[in-house]
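# Descriptive analysis of the structure
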Amino acid sequence: MTPDIDTALAWRWIRRIADEVGENRFTGIVADGGYRLEIDARGGWRASYPAAADAAQLLTIWLPWCVADVSAGPRVIAQLGQSLDGRIATASGASHYVTGRASLVHLHRLRALVDAVVVGAGTVDADDPQLTVRHVEGRNPLRVVLDPQARVPPSRRVFREPAAPTWHLVAEGTAPAVPAEHVSCHRLPVEDAGIAPQQVIALLAAQGCRRILVEGGGVTISRFLQAECLDRLHSVVAPMIIGSGRPAVILPEIDTLDRALRPACRQFALGEDRLFDLDLRRSADA
Ligand SMILES: NC(=O)c1ccc[n+]([C@@H]2O[C@H](COP(=O)([O-])OP(=O)(O)OC[C@H]3O[C@@H](n4cnc5c(N)ncnc54)[C@H](OP(=O)(O)O)[C@@H]3O)[C@@H](O)[C@H]2O)c1
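Residues numbered from 1 in each chain as written. Predicted model: local features only at pLDDT ≥ 70, side-chain atom pairs only at ≥ 80, totals over all residues. Heavy atoms only, no water.

## Section: the pattern of salt bridges
Under the defined criterion, the tally for this structure stands at 16 salt bridges. Across the pair Arg16 and Glu20 runs a salt bridge, and its minimum N-O distance is 3.4 Å. Taken as a pair, Arg16 and Glu20 lie in helix H1 (residues 7–22) at a separation of 4 residues, close to a single helical turn. On the basis of relative accessibility, which here comes to 31%, the residue Arg16 falls in the partly exposed class. We classify Glu20 as buried; its relative accessible area is 11%. In this structure, Glu38 engages Arg46 in a salt bridge whose closest nitrogen and oxygen atoms are separated by 3.0 Å. Through salt bridges with shared partners, one network takes in Arg16, Glu20, Glu23 and Arg25. (Salt bridge = Lys/Arg side-chain N within 4 Å of Asp/Glu carboxyl O. Helix = DSSP H or I, 4+ residues; strand = E, 2+ residues; numbered from the N terminus. Buried < 20%, exposed > 50% of the residue type's maximum accessible area, 1.4 Å probe, protein only.)

Here is the structure:
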């Protein structure tokens, strides 16, 4: 008897569908061994065999992201792990760990499903992240460090360890030390509000990137959100109250709540945490 669809098979399909959509050869059907999966234009799916609950959740979370049309330009997603009171780290910058193990695996799946991962100078300085895919199967994305003043020390791992190609995005006229062969420096104009997120996306699109993850921190993601450059936001909320510290999202003040963002939202359990999958191109009323 054919066994139920498990998470390993679901993940293999998700990655395959993302590749096929990116290469414009996706037919809406995946046939694999005795299994068959039909996927509609919005990522809804139907399988020929029952799927285990965790495999079904994986397909439901990821297929809308994987099937989104990338022919007209890159899709951009951001993710933040935050406390109930909307903090991503303490005031001193400690963020290990706000969210739990299942959310960490989720973040690695995100990295595996994009061509590039963008982070701000504050995150690379504070966390010294590797930005590679280690907790699931998948390719490492291009690592992109947004560091206009070239203040991130060359000792940080993204600049030292050649696990993935790395771009150092700095302001025009800045001359950072290039410490390794896997690191290339790109200079961008800085306006009053910093480097325009649209410029970052255009640069990555020109390099062939079709899906981009903005992984943090809050300042970097807020700038992409304010510039309306995000298609989705994965906000992972942990049942924890930090009470002070670095905020998740900071946008210009509004006077009344009718001006608040209310995007279409789906919710999923990730261990003890809760994932809010926000579709920023659709309103909750749609
Ligand atoms: N819980 C989580 O999910 C999570 C994720 C990531 C990070 N973190 C934590 O968050 C903290 C860092 O976050 P953060 O919000 O303070 O900083 P951040 O977003 O990591 O970095 C902000 C800095 O990056 C540069 N930058 C980003 N976007 C820019 C743009 N469009 N134009 C010009 N410069 C830009 C600027 O550098 P300059 O200041 O040099 O101008 C800016 O001040 C750390 O403590 C880290 O541990 C938590």
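Having seen it, we continue.
## Structural notes on the sheet that holds strand E13 (residues 263–270)
Sheet strands pair via backbone hydrogen bonds, and the direction of the pair is either parallel or antiparallel. Sheet architecture is open: 9 strands sit in the order E9-E8-E7-E6-E10-E4-E11-E14-E13, paired in mixed fashion. The sheet terminates laterally at strand E9 (183–188) and E13, the two strands that pair on one side only. Ignoring strand direction, the axes of neighbouring strands in this sheet form an average angle of 20°. Of the pairings in the sheet, the one linking strand E4 (residues 75–83) to strand E10 (residues 211–216) comprises 4 bridges and is parallel in character. Considered in E10, the bridge of Arg75 is made with Arg211. Lying over the sheet, helix H2 (residues 53–67) contacts E4, E10, strand E11 (232–238), E13 and strand E14 (273–283), oriented at roughly 145° with respect to E13. (Pairing = 2+ DSSP bridges. Axes fitted to C-alpha atoms, helices over the stretch in contact; angles between N-to-C directions. Contact = heavy atoms within 4.5 Å.)

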